[in-house]
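# What the coordinates show
The lines below spell out each chain.
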Amino acid sequence: MAAAAIHQFAECITCHAWSPDQSSETNALPLLPVLRSRSPLVGSDPQSPRAWRSSSAVIAFCPNNHEVHIYKFFTDKWEKLHVLSKHDQIVSGIDWSKSSNKIVTVSHDRNSYVWTQEGSDWVPTLVILKLNRAALCVQWSPKENKFAVGSGAKSVCVCYYEQENNWWISKVIRKRHESSVTSLAWHPNNIYLATTSTDGKCRVFSTFIKGVDKRGSQSSTSTDSKFGEQIAQLDLSSTWVFGVRWSPSGKTLAYAGHNSMVYFIDEVESSPAAQNLALRDLPLRDVLFVSERTLVGVGFDCNPMIFTADDTGLWSFIRFLDERKAAPSASKASQDWTVKSWYGIWKITSALQNSSREGFITNQIKGTSVITHRTQGTILGSGVLQVFKIQGQPGWKDSPDG
Amino acid sequence: MASSAAYPDADENLEAIITRIEQKSRKIETLLKQSKPVEALKTALEGSPLKTLDERCKSANWIVVHRAMMAIRDVDGMFNSLDPEYYDILMKYLYRGLSTGDRPTCDQCLKIHEKLTEKAGLGCILRSLADTVNTV
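Residues numbered from 1 in each chain as written. Chains lettered and ligands numbered in written order. Predicted model: local features only at pLDDT ≥ 70, side-chain atom pairs only at ≥ 80, totals over all residues. Heavy atoms only, no water.

- An unreviewed UniProt entry lists chain B under the name Actin-related protein 2/3 complex subunit 5, with Miscanthus lutarioriparius as the source organism.
- Recorded under Sequence similarities (unreviewed entry), the UniProt text for chain B is reproduced unchanged: "Belongs to the ARPC5 family."
- According to the UniProt record, the Subunit (unreviewed entry) comment for chain B reads "Component of the Arp2/3 complex composed of ARP2, ARP3, ARPC1/p41-ARC, ARPC2/p34-ARC, ARPC3/p21-ARC, ARPC4/p20-ARC and ARPC5/p16-ARC." (UniProt positions renumbered as here; feature names shortened; annotations may be inferred.)

- An unreviewed UniProt entry annotates chain A as Actin-related protein 2/3 complex subunit of Miscanthus lutarioriparius.
- Per UniProt, the comment on chain A under Sequence similarities (unreviewed entry) is "Belongs to the WD repeat ARPC1 family."
- The annotation that UniProt attaches to chain A under Function (unreviewed entry) is "Functions as component of the Arp2/3 complex which is involved in regulation of actin polymerization and together with an activating nucleation-promoting factor (NPF) mediates the formation of branched actin networks."

Written out as structure tokens, the structure is:
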């Protein structure tokens, strides 16, 4: 399945996020290519964050500078709606909350802003993170009352909103990580936070905050823990690790190592059981659980990879999403739809629609493209937008829950 | 931590490792006399002292692996019977071989490297470069 559309937003995109779906449309978006990069991809920086809105396609991303651009897809082309500019340096992480419609951005300038939409403008609120190094990644918690920021200061800041003073407070998890925190993932119970770091380890912490989280409403293990308590430390890879995600139920944790391996761990809190999957090709940078048993991984091959678990829970690689493997050194001036990027795919996010069970996954390609994949329909990509049609494709196993 | 049965415990006594390697060496000589070079290579790769930091053990094992590797004539045939679990460790030894600079060794290593990359992919090379814990 080759990409169905390719749109180029910028020379280089550092991060992105999809906006929440606010309609119940389930039709496929028009699949039209907007632009195809013909200029050499210079630039040493990774992509900027982006966000994408499902059916009416709104996406926020950082085009490798200190701004955040929000684009909306109107019928046949993308239009810039807003430019959020408050940061002083590159915006390294964006997340768009699903129900409260807030955007949180973090930047190399060690600050974070929470943007709320008032009318047609986005109003920023500064969140003081108390960092002395760049912030690298950010994620809203499932209940959207907290967000976590991973930083180069070997720490993770968990921020929550204090109603009385009308501001966000940051609590820092220090002295646990030995190096930069590359990615974060919240467990569905809103308390456990998994982090990956360039020290090669994946850790799970409790982020229970009195007054914000409730004791007793969760399972006993998660409510007994204090803030910052390390639940588990997984030392499976001796290389940098990226892209940690929990499966939708929270039962499985997956992350990618820079040694071309993907690690799947079940039952992290009680008795971790790990599966190490060695990849044939170049390492992955980010993964995404499309369903409980299906995982998409993106990385330096510029070709998303699909992994599924069989009934016994054994994970294996199924196939690449794009049937034709893209070669990074191939000519750029081609009319085909494959992803051509010099640097690989950096990040994958999804905006799942609540009404239907279709989801959009965005792959952010260092350089120009972002690919969106719809799980049960077409896959739309942007950035250098690639659209993949996956209906009726053999090998795509749709599990009942997703 | 994932470690197959082929990799010994890091705490194993150094003397025990050396003894084991010597036993392997004798077994390999027998196998080579019986014209079973692939079996010999498998035996050499199995039980390699990857986790230990002692250079003597690693060199001793390298000599054994080198002996088995140089005896291989039919590289394609070798891959037909070599299990994928050996690919990563074979790749590590190939790079060790290439680093010696010795002409016949490098020739053989390059021949095997070409086929191994076809079979195992770039991920295998990545792992041999990135793995700083299990070294040969």
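### Brief notes about the overall build of chain B
- Across its full length, chain B carries 7 helices and 0 strands.
- Taken from the N to the C terminus, the helices and strands of chain B come in the order α-α-α-α-α-α-α.
- Its C-alpha atoms give chain B a radius of gyration of 14 Å, near enough to 14 Å, the size a compact globule of 136 residues would have.
- Over its C-alpha atoms, taken along the principal directions, chain B stretches across nearly 35 × 35 × 30 Å.
- Out of the 136 residues belonging to chain B, those deemed buried represent 48%.
- By sequence separation, contacts in chain B at least 24 residues apart represent 72% of the contacts at least 6 residues apart. (Helix = DSSP H or I, 4+ residues; strand = E, 2+ residues; numbered from the N terminus. Rg over C-alpha atoms; globule rule 2.2 N^0.38 Å. Buried < 20%, exposed > 50% of the residue type's maximum accessible area, 1.4 Å probe, protein only. Contact = heavy atoms within 4.5 Å.)

### Re the side chain of Ser-155 of chain A
Residue and element names in this part refer to chain A.
- Along the chain, Ser-155 falls in the loop between strand E11 (146–151) and strand E12 (156–162).
- Overall, Ser-155 belongs to the buried group, its relative accessible area being 3%.
- Setting aside residues up to four positions removed in sequence, Ser-155 forms contacts with Leu-131, Val-149, Gly-150, Val-172, Ile-173, Arg-174 and Val-181.

### Things to note about the UniProt feature "repeat: WD" (unreviewed entry) in chain A
Residues and elements named next belong to chain A.
- Taking the UniProt record as the reference, the feature "repeat: WD" (unreviewed entry) is found at residues 84–115 and 174–206.
- Between the end C-alpha atoms of residues 84–115 there is a gap of 9 Å, over a span that is 0% helix and 56% strand.
- Helix makes up 0% of residues 174–206 and strand makes up 52%, while its end C-alpha atoms are separated by 13 Å.

### Considerations on the nonpolar core
- In terms of nonpolar packing, the biggest core is built from 37 residues, with Leu-41, Phe-79 and Leu-90 of chain B touching the most fellow members.
- Of all the secondary structure elements, the ones that give two or more residues to this core are helix H1 (14–33), helix H2 (37–45), helix H3 (55–70), helix H4 (75–81), helix H5 (87–100), helix H6 (103–120) and helix H7 (122–130) of chain B.
- For this core, the element with the highest residue contribution is H3 of chain B, accounting for 7 residues.
- Filtering out sequence-adjacent residues up to four positions away, Leu-41 of chain B remains in contact with Val-65, Ala-68, Met-69, Ile-72, Met-78 and Leu-90 of chain B.
- Counting residues in hydrophobic clusters, the runner-up holds 19 residues, among them Cys-202, Val-241, Tyr-255 and Ile-265 of chain A. (Core = buried A, V, L, I, M, F, W, Y, C linked by side-chain atoms within 4.5 Å.)

### Things to note about the pattern of salt bridges
- All chains considered together, the criterion is met by 14 salt bridges over all chains.
- Across the pair Asp-107 of chain B and Arg-103 of chain B runs a salt bridge whose closest N-O atoms are separated by 3.6 Å. With a gap of 4 residues between them, Asp-107 of chain B and Arg-103 of chain B both fall in helix H6, about one helical turn apart.
- Its relative accessible area of 38% is what places Asp-107 of chain B among the partly exposed residues.
- What makes Arg-103 of chain B exposed here is its relative accessible area of 62%.
- Here the residues in one salt-bridge network are Glu-178, Asp-199, Lys-201 and Arg-203 of chain A, joined through shared partners. (Salt bridge = Lys/Arg side-chain N within 4 Å of Asp/Glu carboxyl O.)

### Focus on the side chain of Ser-183 of chain A
Residue and element names in this part refer to chain A.
- Its place among the elements puts Ser-183 in strand E14 (residues 181–186).
- We classify Ser-183 as buried; its relative accessible area is 11%.
- Reaching out from Ser-183, the side chain makes a polar contact with the backbone nitrogen of Gly-243 at a distance of 3.3 Å.
- Reaching out from Ser-183, the side chain makes a polar contact with the backbone nitrogen of Val-244 at a distance of 3.0 Å.
- With sequence-adjacent residues up to four places away left out, Ser-183 is seen in contact with Cys-137, Ala-194, Thr-195, Thr-196, Phe-242, Gly-243 and Val-244. (Polar contact = N/O pair within 3.5 Å; in protein donor to acceptor, adjacent residues only side chain to side chain.)

### A short note on the confidence of the model for chain A
All names here are of chain A.
- Per-residue confidence for chain A gives a mean pLDDT of 72; residues scoring 70 or more make up 67%.
- Mean pLDDT per element in chain A: strand E29 (residues 378–379) is the minimum at 27, and E11 is the maximum at 95.
- In the model, residues 325–343 has pLDDT below 50 throughout and makes 54 contacts with residues more than four positions away in sequence or in other chains.
- Note on residues 350–402: pLDDT under 50 across the span, and 271 contacts to partners over four residues away in sequence or across chains. (pLDDT = per-residue confidence, 0-100.)

### Points about H3 of chain B
Residue and element names in this part refer to chain B.
- Compared with the 22 Å implied by 1.5 Å per residue over 16 residues, the 22 Å span of H3 between its first and last C-alpha is a close match.
- Looking only at H3, the buried set comprises Cys-57, Lys-58, Ala-60, Asn-61, Trp-62, Val-64, Val-65, Ala-68 and Met-69.
- Where H3 is buried, its residues meet H1, H2, H5 and H6. (Expected span 1.5 Å × (residues − 1).)

### A short note on the packing of H5 of chain B against H7 of chain B
Residues and elements named next belong to chain B.
- One can describe the packing of H5 onto H7 by two numbers: an axis separation of 9 Å at closest approach and a directional angle of 65°. Judged by the sense of rotation from one axis to the other, the crossing of H5 with H7 is right-handed. Counting all contacts with H5, which are made through Tyr-87, Asp-88, Met-91, Lys-92 and Tyr-95, the residues of H7 involved are Cys-124, Ile-125, Arg-127 and Ser-128. (Axes fitted to C-alpha atoms, helices over the stretch in contact; angles between N-to-C directions. Left-handed = near helix turned anticlockwise from the far one by under 90°.)

### Observations regarding the pairing of strand E25 (residues 315–320) of chain A
All names here are of chain A.
- Bridging between strand E24 (residues 305–309) and E25 involves 5 bridges; their strand directions are antiparallel. Following the sheet pairing, Met-305 is matched in E25 by Phe-320.
- Where E24 hands over to E25, the hairpin turn is made up of 5 residues, of which Gly-313 adopts a positive phi near 90°. (Pairing = 2+ DSSP bridges.)

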